[in-house]
Amino acid sequence: EPEVTQTPSHQVTQMGQEVILRCVPISNHLYFYWYRQILGQKVEFLVSFYNNEISEKSEIFDDQFSVERPDGSNFTLKIRSTKLEDSAMYFCASKATSGTYNEQFFGPGTRLTVL
Amino acid sequence: AQSVTQPDIHITVSEGASLELRCNYSYGATPYLFWYVQSPGQGLQLLLKYFSGDTLVQGIKGFEAEFKRSQSSFNLRKPSVHWSDAAEYFCAVGARGNEKLTFGTGTRLTIIP
């Protein structure tokens, strides 16, 4: 069964460093998402991406964040200069078609720890 | 703006007992509602969803949920839990016209023999 994969499973970085979180969505999917969950808090929407551009983003997704689909298979989230408060679990998701009622398929997450 | 509340952070039930996980949402119109489950090391898996029609929806793994507009609730139920149901359960709401899901904080389910 096709699944969304994410690498690495755990990333530790120093404050101020750049990190890139990688996701491989399901191959025929067209809509891509990043969410994050700070420990003990809600899963929060960060950004949605379709047709090689951001379709929606939250207020969390500021200039420190960027997304890219560099090669038609990977979908990446870059944090330019990490802060302590960026420590969280980051989930990638993908979906085949538009419409909020259509299922988003989630990856297992990358745990980011900023020291 | 939409929001979701899951009032129970952690629930413990005995294997074979019935289960109800609570979810309350806030949204001005008819929402799209979802329950996801996350087992350790796995991604969030969709259990079931509601977007219109019959207010009692059936999902995978024997789960069901009932949409109650008057109570702004979408509680998840299972008549008899199995040890393999131990996981984190997330309720989420989506709105027409945008693509994002808004999640609750999750409920961790522990099953005891």
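Per chain, residues are indexed from 1 in the order of the written sequence. Chain A is the first chain written and ligand 1 is the first ligand written, with later ones labelled in order. Reporting in this predicted model follows two pLDDT cut-offs: at least 70 for local features of residues, and 80 or more for side-chain atom pairs to be given and counted; totals over whole chains, interfaces and linings ignore these cut-offs and use all residues. In computing side-chain values, all of the structure's heavy atoms are included and hydrogens and water are not.

Asker: How should the overall build of chain B be read in this particular structure?
Answerer: The number of helices and strands found in chain B is zero helices and twelve strands. Helix and strand assignments come from DSSP, with helices taken as H or I runs of at least 4 residues and strands as E runs of at least 2, each series counted from the N terminus. Reading chain B from its N end, one meets helices and strands in the order β-β-β-β-β-β-β-β-β-β-β-β. By principal-axis analysis of the C-alpha atoms, chain B measures approximately 45 × 30 × 20 Å. Buried means the residue's accessible area, taken with a 1.4 Å probe over protein chains only, is under 20% of the maximum for its type, while exposed means over 50%, and partly exposed covers the values in between. In chain B, buried positions account for 47% of the 113 residues. The contact criterion used throughout is that any non-hydrogen atoms of two residues lie within 4.5 Å. Of all intrachain contacts in chain B linking residues separated by at least 6 positions in sequence, the fraction that spans at least 24 positions is 54%. Summed over all atoms, the accessible surface of chain B reaches about 5100 Å², with 49% contributed by carbon and sulfur. Taken as two groups, the 10 positive and 9 negative side-chain charges of chain B have centres that lie 5 Å from each other. For the area figures, the Shrake-Rupley method with a 1.4 Å probe applies, and any residue is considered shielded solely by the protein chains shown. Counted as positive: Lys and Arg. Counted as negative: Asp and Glu. His and the chain ends are not counted at all. Charge positions come from single atoms, namely NZ of Lys, CZ of Arg, CG of Asp or CD of Glu.

Asker: What am I meant to see in the overall build of chain A here?
Answerer: For chain A, the count of helices and strands is zero helices and eleven strands. The atom set for the radius of gyration is the C-alpha atoms, and the globule formula is 2.2 Å times the number of residues raised to the power 0.38. What you see for chain A is a C-alpha radius of gyration of 13 Å, in line with the 13 Å of a compact globule of 115 residues. With respect to the principal axes defined by its C-alpha atoms, chain A has extents near 40 × 30 × 30 Å. In chain A, which comprises 115 residues, the share counted as buried stands at 46%. Residue pairs in contact within chain A that sit at least 24 positions apart in sequence constitute 54% of those at least 6 positions apart. Of the roughly 5700 Å² of accessible surface on chain A, a fraction of 46% belongs to carbon and sulfur atoms. Side-chain charges of chain A comprise 10 positive and 14 negative groups, with the mean position of each set lying 2 Å from the other.

Asker: Help me out: how do you make sense of the pairing of strand β4 (residues 31-37) of chain A in this one?
Answerer: Regular strands place their side chains on alternate faces of the sheet. All names here are of chain A. Counting buried residues in β4 gives seven out of seven residues, a clear majority hidden from the surface. By the alternation rule, side chains of β4 split into Tyr31, Tyr33, Tyr35 and Gln37 and Phe32, Trp34 and Arg36, which are all buried. Whether two strands pair depends on DSSP finding at least two bridges between them. Sheet topology places β4 next to strand β5 (residues 43-50); seven bridges connect them, and they run antiparallel. Bridging across to β5, phenylalanine 32 finds its partner in phenylalanine 49. Connecting β4 to the next strand, β5, in antiparallel fashion are five residues, including glycine 40 with a positive phi near 80°. Relative to strand β9 (residues 88-95), β4 runs antiparallel, the two sharing seven bridges. Across the sheet, residue arginine 36 finds its bridge partner in β9, namely tyrosine 90.

Asker: What exactly am I supposed to notice about the packing of aromatic side chains here?
Answerer: Centres within 6.5 Å make a pair out of two Phe, Tyr or Trp rings, where for Trp the six-membered ring is used; the pair is then stacked when the planes are under 30 degrees apart, edge-to-face when over 60, and tilted otherwise. Going through the model one piece at a time under the given rule, you end up with 19 aromatic pairs over all chains. Relative to B:Phe67, the ring of B:Tyr50 lies with its centre 4.5 Å away and its plane at 25°, an arrangement referred to as stacked. Of the two residues, B:Tyr50 sits in strand β6 (residues 44-50) while B:Phe67 sits in strand β8 (residues 64-68), which places them 17 residues apart along the sequence. For the pair B:Tyr50 and B:Phe67, one class covers both residues: buried. Through a chain of ring-to-ring contacts, three or more aromatic side chains come together here, namely A:Tyr33, A:Tyr35, A:Phe45, A:Phe106, B:Phe34, B:Tyr36, B:Phe90 and B:Phe103. Geometrically, a lysine NZ or arginine CZ counts as sitting over a ring once it is within 6 Å of the ring centre and also within 35 degrees of the ring normal. Here the basic side chain of A:Lys95 rests over the ring of A:Tyr31, its NZ or CZ set 5.7 Å away from the ring centre.

Asker: Even after reading the chapter, I still don't get the interface of chain A and chain B, so can you show me in this structure?
Answerer: One frequent convention defines the size of an interface as the accessible area lost when the parts assemble. Each partner contributes residues to the interface: chain A has 23 residues there, and chain B has 23 residues. Both faces combined, the contact of chain A with chain B buries some 1900 Å², and carbon together with sulfur accounts for 57% of it. Note on definitions: salt bridges are taken to be side-chain nitrogens of Lys or Arg within 4 Å of carboxyl oxygens of Asp or Glu. At the boundary of chain A and chain B, one finds zero salt bridges. Distance and chemistry together define a polar contact, namely a pair of N or O atoms within 3.5 Å, with one atom able to donate a hydrogen and the other to accept it when in protein, and with adjacent residues in sequence counting only for side-chain atoms on both sides. Here chain A is connected to chain B by three residue pairs in polar contact (both at pLDDT 80 or more). Where the side of chain A that touches chain B is concerned, the elements lending two or more residues are β4, β5 and β9 of chain A. The biggest single contributor to the side of chain A that touches chain B is β4(A), with four residues. Lys, Arg, Asp and Glu make up the charged group, whereas Ala, Val, Leu, Ile, Met, Phe, Trp, Tyr, Cys and Pro make up the nonpolar group; the residues left over, Gly among them, are polar. Partitioning the side of chain A that touches chain B into residue classes produces nine nonpolar, ten polar and four charged. Accessible-area loss on putting two parts together, using a 1.4 Å probe and summing over both, is the definition of buried area adopted here.

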